Amino acid sequence: MLDALELLPDDPILGLAALCRTDDNPKKVDLTVGIYMDENGVCPVFDAIRQAQTTLVAKEVSKAYLSPAGVAGFNPGMQKLVLGENSAALADGRVSSIQAPGGCGALRIGAEIIQAASPGAKVWVSDPTWPVHIPLLGSVGLQFSTYRYYDAQTHGVNFDAMVEDLKAAGPNDIVLLHGCCHNPCGADLSQEQWSIIGDMAEAQGFMPFIDIAYQGLGDGLDEDAAGLRQLAERLPEMIIAASCSKNMGLYRERTGCTMFLCRDKKNADALLSQAKVAARRVYSMPPAHGALLASAVLADDDLTANWQAELRGMCDRINGLRSDLVEKLQTATGRDFEFIRAEKGMFSFLGLSGEQVQTLRDDYSVYMLGSSRINVAGVNARNIDYLADSIAKVL
Ligand SMILES: Cc1ncc(COP(=O)(O)O)c(C=O)c1O
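All figures in this text were calculated on a predicted structure; none of them were measured in a lab.

Calculation rules
Residues numbered from 1 in each chain as written. Predicted model: local features only at pLDDT ≥ 70, side-chain atom pairs only at ≥ 80, totals over all residues. Heavy atoms only, no water. Domains from an automatic or database assignment. Contact = heavy atoms within 4.5 Å. Buried area = accessible area lost by both parts, 1.4 Å probe. Near = heavy atom within 4 Å. Polar contact = N/O pair within 3.5 Å; in protein donor to acceptor, adjacent residues only side chain to side chain. Areas by Shrake-Rupley, 256 points an atom, 1.4 Å probe, with all protein chains shown as cover. 1 Å grid on protein atoms, 1.4 Å probe; cavity = no way out; pocket = protein on both sides within 12 Å on 5 of 7 lines; lining within 4 Å. Sits in = over half its atoms within 2 Å of the grid points. Helix = DSSP H or I, 4+ residues; strand = E, 2+ residues; numbered from the N terminus. Nonpolar A, V, L, I, M, F, W, Y, C, P; charged D, E, K, R; others polar. Buried < 20%, exposed > 50% of the residue type's maximum accessible area, 1.4 Å probe, protein only. Pairing = 2+ DSSP bridges. Axes fitted to C-alpha atoms, helices over the stretch in contact; angles between N-to-C directions. Phe/Tyr/Trp six-rings, centres within 6.5 Å; stacked < 30°, edge-to-face > 60°. Points joined across faces, edges and corners; volume = space filled by probe spheres on them. Salt bridge = Lys/Arg side-chain N within 4 Å of Asp/Glu carboxyl O.

## Thoughts on the domain arrangement of the chain
Phase 1 of the analysis: For the chain, the assigned domains are domain 1 (2-45 + 304-394) and domain 2 (65-299).
Phase 2 of the analysis: Placing a centre on the C-alpha atoms of domain 1 and another on those of domain 2 gives a separation of 26 Å.
Phase 3 of the analysis: The partner domain 2 presents 27 residues to the 23 residues of domain 1 that form the contact.
Phase 4 of the analysis: Buried surface at the junction of domain 1 and domain 2, both sides included, amounts to about 2200 Å², of which 63% is carbon and sulfur.
Phase 5 of the analysis: When residues of domain 1 are sorted by the area they lose upon contact with domain 2, Trp307, Lys344 and Phe349 head the list and together hold 30% of the total.

Here is the structure:
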């Protein structure tokens, strides 16, 4: 039976990162996987997380199972972080949430709930979107349509086309939106545009499903959640998948959260019960370590301040790198790269052809995705000149 299964190729993003690791060119530049890297090319452990971990290791007395809902304290902390301290939806008690294994697990639990509520429902995804969205949501049986989103000519959101396409989204449809720092293009909706999407959701009855994996890495924790919060205040139903991978550096600890905004508390409780059953049938309960650390940081004022200051530093560094990259690329190539400055978060499409990307990889050991998506956080003072010069050469 098993011998009928064939060897599959590596995941395109992880496979490229692995290829880069084997490249012995000392000048190689890794702009592939979406992890934050500091000036030394290291994906750091936040100081607040390290402190919480020291305390946890000293005090932990048991590794007994968690409940399928996760660590007590984690869910309320995440709800406030994402929806805001003053959220009316939270005050009304119409929100419930479940800890999940990373943002991926959170998306999967959201998909399980949608499938339970409306089997085979249609999910509208942006063109382009993070490539994992389709297999992750599709494996439970959901169907897809795309809405136009990124305009390669203007290097920005083609909002008119997005609205045009979403006019066809009906009351049983789901619209998947990137909460901030769009992956892969870095082009985000303005607050006015979020408001128009809210008008459409109200008028047409579709439900937003918001993937927020980069809160705090675009403009700031509150700013990055502002669009999502607008919708949460006015729409009766919404699902949010949040991740602590990037903004708390908990990547390998698999720490995320699915939130359900419902019409009332009764329905929010029902959805939590459904999510717990969904978790039980997929993985039973989420891993504890990351959520224990995240909840310890979110529950302590000093640790929260320490974490937020470090996150602010990362956000400022990314935005500084964007400006530096614009200057260096414009000087090296004589072309306009101003769009990189306006984008948010870790990603940008450079607008190179597949052939140019391949030449950068083969001849210069500069690694980016075939679409020319780069992880801006992989740029640093040591590689920026080499990167800009290499790009100029392939252009
Ligand atoms: C858009 C988007 N959503 C969700 C995730 C999930 O992240 P994780 O499962 O590592 O928390 C990622 C990770 O790269 C992402 O880019």
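## Some remarks on the site of the ligand
Phase 1 of the analysis: Taken together, the neighbourhood of the ligand is formed by Gly102, Gly103, Cys104, Trp130, Asn183, Asp211, Ala213, Tyr214, Ser243, Ser245, Lys246 and Arg254.
Phase 2 of the analysis: The contact in question runs from an oxygen atom of the ligand to an N or O atom on the backbone of Cys104, over 2.8 Å.
Phase 3 of the analysis: Contact distances for the ligand include 2.6 Å between an oxygen atom and a side-chain N or O atom of Arg254.
Phase 4 of the analysis: Protein burial of the ligand: of its 400 Å² of free accessible surface, 91% is covered by the chains.
Phase 5 of the analysis: The pocket occupied by the ligand, as judged from atoms lying within 2 Å of grid points, is the largest pocket.
Phase 6 of the analysis: The leading source of residues in the shell around the ligand is helix 5 (residues 102-117), at three residues.
Phase 7 of the analysis: Considered class by class, the residues forming the shell around the ligand number four nonpolar, five polar and three charged.

## Thoughts on the side chain of His133
Phase 1 of the analysis: With respect to the secondary-structure elements, His133 resides in helix 6 (residues 133-138).
Phase 2 of the analysis: Assessed through its relative accessible area of 0%, His133 is described here as buried.
Phase 3 of the analysis: Once residues lying within four places of it in the same chain are set aside, the contact partners of His133 are Leu107, Gly138, Phe144, Leu176, His178 and Asp211.

## Some words on the sheet that holds strand 10 (residues 256-261)
Phase 1 of the analysis: Taken in spatial order, the seven strands of this open sheet run 2-10-9-8-7-3-4, and their pairing is mixed. Whereas interior strands pair on both sides, the edge strands pair on one side only; in this sheet they are strand 2 (95-100) and strand 4 (143-148). Averaged over all pairs of adjacent strands, the angle between their axes in this sheet comes to 20°, without regard to strand direction.
Phase 2 of the analysis: As judged from the six bridges shared by strand 3 (residues 122-127) and strand 4, these two strands associate in the parallel manner. If you follow Asp127 over to strand 4, its bridge partner there is Arg148.

## Overview of the packing of aromatic side chains
Phase 1 of the analysis: As enumerated under the stated definition, the model contains four aromatic pairs in all.
Phase 2 of the analysis: Between Tyr150 and Phe349, the ring centres sit 5.2 Å apart and the planes meet at 50°, which makes this aromatic pair tilted. Residue Tyr150 is found in strand 5 (residues 150-151), and its partner Phe349 is found in strand 11 (residues 347-349); the two are separated by 199 residues along the sequence. Of the two residues examined, Tyr150 and Phe349, each falls in the buried class.
Phase 3 of the analysis: Their ring planes at 40° and their centres at 5.9 Å tell us that Phe337 and Phe339 sit as a pair that is tilted.
Phase 4 of the analysis: Given a relative accessible area of 4%, Phe337 falls into the buried group.

## Section: the layout of surface pockets
Phase 1 of the analysis: Here the largest pocket defines a volume of roughly 930 Å³.
Phase 2 of the analysis: Top element by residues in the lining of the largest pocket is helix 5. It accounts for three residues.
Phase 3 of the analysis: For the lining of the largest pocket, the class distribution of residues is 19 nonpolar, nine polar and seven charged.
Phase 4 of the analysis: Mapped onto the domain boundaries, the lining of the largest pocket takes at least three residues apiece from domain 1 (2-45 + 304-394) and domain 2 (65-299).
Phase 5 of the analysis: Roughly 440 Å³ of volume is contained in the second largest pocket.
Phase 6 of the analysis: Lining of the second largest pocket is provided by 25 residues; of these, Ala117, Pro171, Gly205, Met207 and Glu237 occupy positions nearest its centre.

## Here we look at the pattern of salt bridges
Phase 1 of the analysis: If you walk through the whole model with that rule in mind, you get 17 salt bridges.
Phase 2 of the analysis: The salt bridge partner of Glu237 is Arg263, with a shortest N-O separation of 3.7 Å. Highlighted residues: Glu237 in the loop between helix 9 (221-234) and strand 9 (238-243) and Arg263 in the loop between strand 10 and helix 10 (265-282), separated in sequence by 26 residues.
Phase 3 of the analysis: Using a relative accessible area of 31% as the deciding quantity, one classes Glu237 as partly exposed.
Phase 4 of the analysis: Assessed through its relative accessible area of 56%, Arg263 is described here as exposed.
Phase 5 of the analysis: Note that Arg312 and Asp316 form a salt bridge whose closest N and O atoms lie 3.0 Å from each other.

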